[in-house]
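Structural overview for review
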Amino acid sequence: MAKVIIHATTTLDGFMADKDGGIDWMFDFEAVEQDYAVVNKVMEEIGAIVGGANKSNTIEEGEIPYGGMLKVPIYLMTHEAHEPVEKDGITYRFVVNDIKQAVEAAKESAGNKNVALLGGSISRQCLKLGLVDEIVLDIVPLLLGEGISLFGGLGERIKLERIETSAFASETHLRYRVVR
């Protein structure tokens, strides 16, 4: 059965993007084969994605999860109904205001693979609803000082159990199970 994971690259101070939503800083770090192996293993385990739609319900360059490397179904949360969009071999389905429905549909699509949650708001909502099984973080050695936080505003404690830790060139890779 599919697990629901939060998979993100963050700075050491917990930001997943700068204050304008930029992620250019992610690509400024040296990585070695072991770093790629850890990230690739996580990506191979993903069978579907749940994220947030942009305001116009379109798929723009730079908004494609994992840069389009994963050809898996993507479910996008939105406030207005919209027909599915097919782009570059990926089908984007829009789910109106029901994160549980989006996660369930993604789990069904993922089969025995995992569902990855993308974005702070989506991740926090799913944590609060008890839908998250694991948190997988790739942390880079950078303090942004301000930006878009992955967990900021969660508003509650959630206990985690460390499953895996590794560190190589410049990234630290952490994997936690959510304790229920």
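Residues numbered from 1 in each chain as written. Predicted model: local features only at pLDDT ≥ 70, side-chain atom pairs only at ≥ 80, totals over all residues. Heavy atoms only, no water.

Take the side chain of Asn114 next. Among the structural elements, Asn114 can be located in strand β7 (residues 114–117). We classify Asn114 as buried; its relative accessible area is 6%. (Helix = DSSP H or I, 4+ residues; strand = E, 2+ residues; numbered from the N terminus. Buried < 20%, exposed > 50% of the residue type's maximum accessible area, 1.4 Å probe, protein only.)

Moving on: the environment of Lys100. Counting through the fold element by element, Lys100 comes out in helix α2 (residues 99–110). In sequence terms Lys100 and Ala48 are 52 residues apart; their C-alpha atoms lie 14 Å from each other. Setting aside residues up to four positions removed in sequence, Lys100 forms contacts with Leu129 and Leu131. (Contact = heavy atoms within 4.5 Å.)

Per the UniProt entry, the sites bearing "domain: Bacterial bifunctional deaminase-reductase C-terminal" (unreviewed entry) are residues 78–173 in this numbering. A helix fraction of 22% and a strand fraction of 35% characterise residues 78–173, whose end C-alpha atoms lie 31 Å from each other. (UniProt positions renumbered as here; feature names shortened; annotations may be inferred.)

Formed by 29 residues in total, the largest nonpolar core has its most connected members in Val50, Val103, Val115, Leu117, Cys126 and Val132. Elements that contribute at least two residues to this core include exactly β1 (4–11), β3 (46–52), β4 (74–78), α2, β7, α3 (120–128), β8 (134–140) and β11 (172–178). When residues in this core are grouped by element, the largest group, 5 residues, is from α2. Counting 16 residues, the second largest nonpolar core, distinct from the first, contains Leu76, Phe94, Ala116 and Val136. (Core = buried A, V, L, I, M, F, W, Y, C linked by side-chain atoms within 4.5 Å.)

Pairing of strand β10 (residues 160–167) with β11, which is carried by 7 bridges, proceeds in the antiparallel orientation. Pairing of Ala167 across the sheet is with Thr172, part of β11. Following β10, the chain reverses through 4 residues before pairing antiparallel with β11. (Pairing = 2+ DSSP bridges.)

Moving on, we come to the environment of Glu161. Counting through the fold element by element, Glu161 comes out in strand β10. C-alpha of Glu161 to C-alpha of Ile135: the two residues are 26 residues apart in sequence and 9.8 Å apart in space. Excluding its chain neighbours within four sequence positions, the residues that come into contact with Glu161 are Arg175, Tyr176, Arg177 and Val179.

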